[in-house]
Amino acid sequence: MNKINPKKLLNSKWTAITPINKEKHFIISKMQFDEEGIVVVDCCIEAVMSKRAMMINWLDLKDESQWLQGWK
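Each value, and the rule that gives it
Residues numbered from 1 in each chain as written. Predicted model: local features only at pLDDT ≥ 70, side-chain atom pairs only at ≥ 80, totals over all residues. Heavy atoms only, no water. Helix = DSSP H or I, 4+ residues; strand = E, 2+ residues; numbered from the N terminus. Rg over C-alpha atoms; globule rule 2.2 N^0.38 Å. Buried < 20%, exposed > 50% of the residue type's maximum accessible area, 1.4 Å probe, protein only. Contact = heavy atoms within 4.5 Å. Pairing = 2+ DSSP bridges. Axes fitted to C-alpha atoms, helices over the stretch in contact; angles between N-to-C directions.

Some thoughts on the overall build of the protein
Line of reasoning, step 1. Across its full length, the protein holds zero helices and five strands.
Line of reasoning, step 2. Starting at the N terminus and ending at the C terminus, the protein contains elements arranged as β-β-β-β-β.
Line of reasoning, step 3. For 72 residues, the compact-globule estimate of 2.2 N^0.38 gives 11 Å, and the protein sits close to it at 12 Å.
Line of reasoning, step 4. For the protein, the spread of C-alpha atoms along the principal axes amounts to about 35 × 25 × 15 Å.
Line of reasoning, step 5. The 72 residues of the protein split such that 32% are buried.
Line of reasoning, step 6. Within the protein, counting contacts between residues at least 6 apart in sequence, those at least 24 apart form 44% of the total.

With respect to the sheet that holds strand β1 (residues 13–20)
Line of reasoning, step 1. The strand order β4-β3-β2-β1-β5 describes an open sheet built from five strands, whose pairing is antiparallel. Where the open sheet ends on each side, the last strands, each with one partner, are β4 (53–56) and β5 (67–69). Each neighbouring strand pair of the sheet contributes to a mean axis angle of 35 degrees, computed without reference to strand direction.
Line of reasoning, step 2. Where β1 meets strand β2 (residues 23–33), four bridges bridge the pair, whose relative direction is antiparallel. For W14, the partnering residue across the bridge sits in β2 and is F26.

It is worth stressing that arrangement in space is one thing and function is another; only the former is reported here.
Here is the structure:
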């Protein structure tokens, strides 16, 4: 299980285990926290090559069968 600090998630780099639309490398481009600034409400991940962005549940990044931290 990947350990993730939500405060350091913005601009972090990720590699998809199974490429999504032939895209493998991603970066967290936008994040939105709740009013107290503690809980992540929205997380946007962007493909490096195509700049295609999609919303994801940031907790999915903890699953090592789907995502690896960094670019591999």
